[in-house]
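Observations on the three-dimensional arrangement
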Amino acid sequence: MTHGNWALVTGATAGIGKATLLALARAGWHVVGWGRRADRLAALAPTVEALGVQYHYQAVDVRSADAVARARQTLPPEAQVPDLLVNNAGLARGLAPLDQGLLSDWDEMIDTNVKGLLYVTRAFAPGMRSRGRGHILNIGSIAGKEVYPNGNVYVATKHAVDALTRALRIDLVGSGVRVGAIHPGMVETEFSEVRFHGDTARAQKVYQGLRALTPEDIAEVIVWVASQPERITIADVVVLSTDQASSTVVHRQ
Ligand code: NDP
Ligand code: 8X3
């Protein structure tokens, strides 16, 4: 059913995006990987191509609308209107009270998580609408459903992802294009290392003593959502570790 279809994953160099690209390829999808670190995208080629699917990758910074538009034009024609777009690229920077936050951290989160997601969506949604088929999955977060101490701007960007997902589903209804979001809780990736500007010791503490989700756990959910018959839209999925009940309620051994 999915064989021969194209999926484009943003933020495919690490974590959830990389696991998703590989899981989709294993499920028979041709895949496009975007991210800023081209060496990491290149390193995936042997694994993906051994699965017998096509792989196209390019260094793209989603914060640049021009770069996104240009990168779309370099795709093979059949991938320029992908069957599935996974808007995954995103990050948190900092964990501090709002009155002490760094403006550069705020700009980076808003530019990536909100504006970047919009630029990529704007680049691909028109083709999907014209073709009368397509699927856009946004990676939100439990941080898009709840507010937690010191999460402020990151939380706001993920609430924006939640709102934009619902808005896009309304705007595209009747077009044949499906729109949904996956909202993970704590997933052990490079996320916390990025959030704490490379402080690995602090990052490791985030996951200490709990069974955090793996990027593969989320990737499997995405493949399942994307594999549903076209009449079905899985609109919203919250995926938590069994050791996590809410943003702030976490059981640690
Ligand atoms: P990682 O840090 O492991 O991966 C983040 C990915 O986003 C990387 O591939 C990175 O690629 C890419 N990225 C960041 N900025 C840009 C940019 N400007 N342009 C293109 N790509 C970019 O984190 P995760 O895998 O955990 O995060 C993926 C998504 O999941 C994010 O949206 C995050 O908010 C969300 N999420 C994560 C959770 C977690 O607990 N880990 C929980 C809930 C949601 P590169 O640096 O090479 O550009
Ligand atoms: C990442 C999950 O709640 O640790 O979106 O910020 S959280």
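A brief report on the enclosed structure follows. (Residues numbered from 1 in each chain as written. Chains lettered and ligands numbered in written order. Predicted model: local features only at pLDDT ≥ 70, side-chain atom pairs only at ≥ 80, totals over all residues. Heavy atoms only, no water.)

1. Structural notes on the site of ligand 2
- As a structural note, the neighbourhood of ligand 2 is formed by Ser-141, Ile-142, Tyr-148, Tyr-154, Phe-191 and Arg-195.
- For ligand 2, an oxygen atom lies 2.5 Å from a polar atom in the side chain of Ser-141.
- Starting from 240 Å² of accessible surface for ligand 2 in isolation, the protein chains cover 85%. (Near = heavy atom within 4 Å. Polar contact = N/O pair within 3.5 Å; in protein donor to acceptor, adjacent residues only side chain to side chain. Areas by Shrake-Rupley, 256 points an atom, 1.4 Å probe, with all protein chains shown as cover.)

2. Observations concerning the site of ligand 1
- Near ligand 1 you find 30 residues, and of these Thr-13, Arg-36, Arg-37, Tyr-154 and Thr-189 are the closest.
- Taking Val-187, its main chain carries an N or O atom lying 2.9 Å from an oxygen atom of ligand 1.
- With respect to ligand 1, the side chain of Thr-189 contributes an N or O atom lying 2.6 Å from an oxygen atom.
- With the chains in place, 96% of the 880 Å² that ligand 1 exposes on its own is no longer accessible.
- Of all the secondary structure elements, the ones that give two or more residues to the shell around ligand 1 are helix H1 (15–26), helix H6 (152–171) and helix H7 (191–195).
- Class assignment for the residues of the shell around ligand 1 results in 13 nonpolar, 11 polar and six charged. (Helix = DSSP H or I, 4+ residues; strand = E, 2+ residues; numbered from the N terminus. Nonpolar A, V, L, I, M, F, W, Y, C, P; charged D, E, K, R; others polar.)

3. Regarding the packing of helix H5 (residues 103–131) against H6
- Between H5 and H6, whose axes approach to 9 Å, the crossing angle comes to 15°. By the angle between their directions, the pair H5 and H6 is classed as roughly parallel. Viewed along their axes, H5 and H6 form a crossing whose handedness is right-handed. Packed against H5, whose contacting residues are Trp-106, Met-109, Ile-110, Asn-113, Val-114, Leu-117, Leu-118, Thr-121 and Arg-129, the element H6 presents Val-153, Tyr-154, Thr-157, Lys-158, Ala-160, Val-161, Leu-164, Leu-168 and Asp-171 at the interface.
- In terms of residue class, the contact of H5 with H6 is made up of 12 nonpolar, three polar and three charged. (Axes fitted to C-alpha atoms, helices over the stretch in contact; angles between N-to-C directions. Parallel < 35°, antiparallel > 145°, perpendicular 65-115°, else oblique. Left-handed = near helix turned anticlockwise from the far one by under 90°. Contact = heavy atoms within 4.5 Å.)

4. Looking at the packing of H1 against helix H9 (residues 215–226)
- Running from amino to carboxyl end, H1 crosses H9 at an angle of 50°, the nearest separation of the two axes being 8 Å. Regarding the angle of H1 to H9, the classification is oblique. As H1 packs across H9, the resulting crossing turns out to be right-handed. Between H1, through Gly-15, Ile-16, Ala-19, Thr-20, Ala-23, Leu-24 and Arg-26, and H9, the contact on the second element is made entirely by Pro-215, Glu-216, Ile-218, Ala-219, Glu-220, Ile-222 and Val-223.

5. Quick look at the environment of Arg-202
- Within the secondary structure, Arg-202 is located in helix H8 (residues 200–207).
- Look at Arg-202 and you get partly exposed, because its relative accessible area is 41%.
- Separated by 10 residues in sequence, Arg-202 and Ser-192 place their C-alpha atoms 8.1 Å apart.
- Those residues in contact with Arg-202, other than ones at most four positions away along the chain, are Leu-95 and Phe-196. (Buried < 20%, exposed > 50% of the residue type's maximum accessible area, 1.4 Å probe, protein only.)

6. Thoughts on the packing of aromatic side chains
- Scanning the model with the defined rule gives three aromatic pairs in all.
- Ring centres of Trp-34 and Phe-124 lie 5.7 Å apart, and the angle between their planes is 50°; this geometry places the pair in the tilted category. Residue Trp-34 is found in strand E2 (residues 30–35), and its partner Phe-124 is found in helix H5; the two are separated by 90 residues along the sequence. Phe-124 shares its class with Trp-34; the two are buried. (Phe/Tyr/Trp six-rings, centres within 6.5 Å; stacked < 30°, edge-to-face > 60°.)

7. As for unusual backbone geometry
- Of note, Asn-150 is a non-glycine position whose phi angle comes to about 70°, a positive value.
- With respect to the secondary-structure elements, Asn-150 resides in the loop between strand E5 (134–139) and H6.
- Among the residues examined, Asn-150 registers a relative accessible area of 32% and is labelled partly exposed.
- In this structure, His-197 takes a positive phi of about 50° despite not being glycine.
- Within the secondary structure, His-197 is located in the loop between H7 and H8.
- Given the relative accessible area of 48%, His-197 is considered partly exposed.

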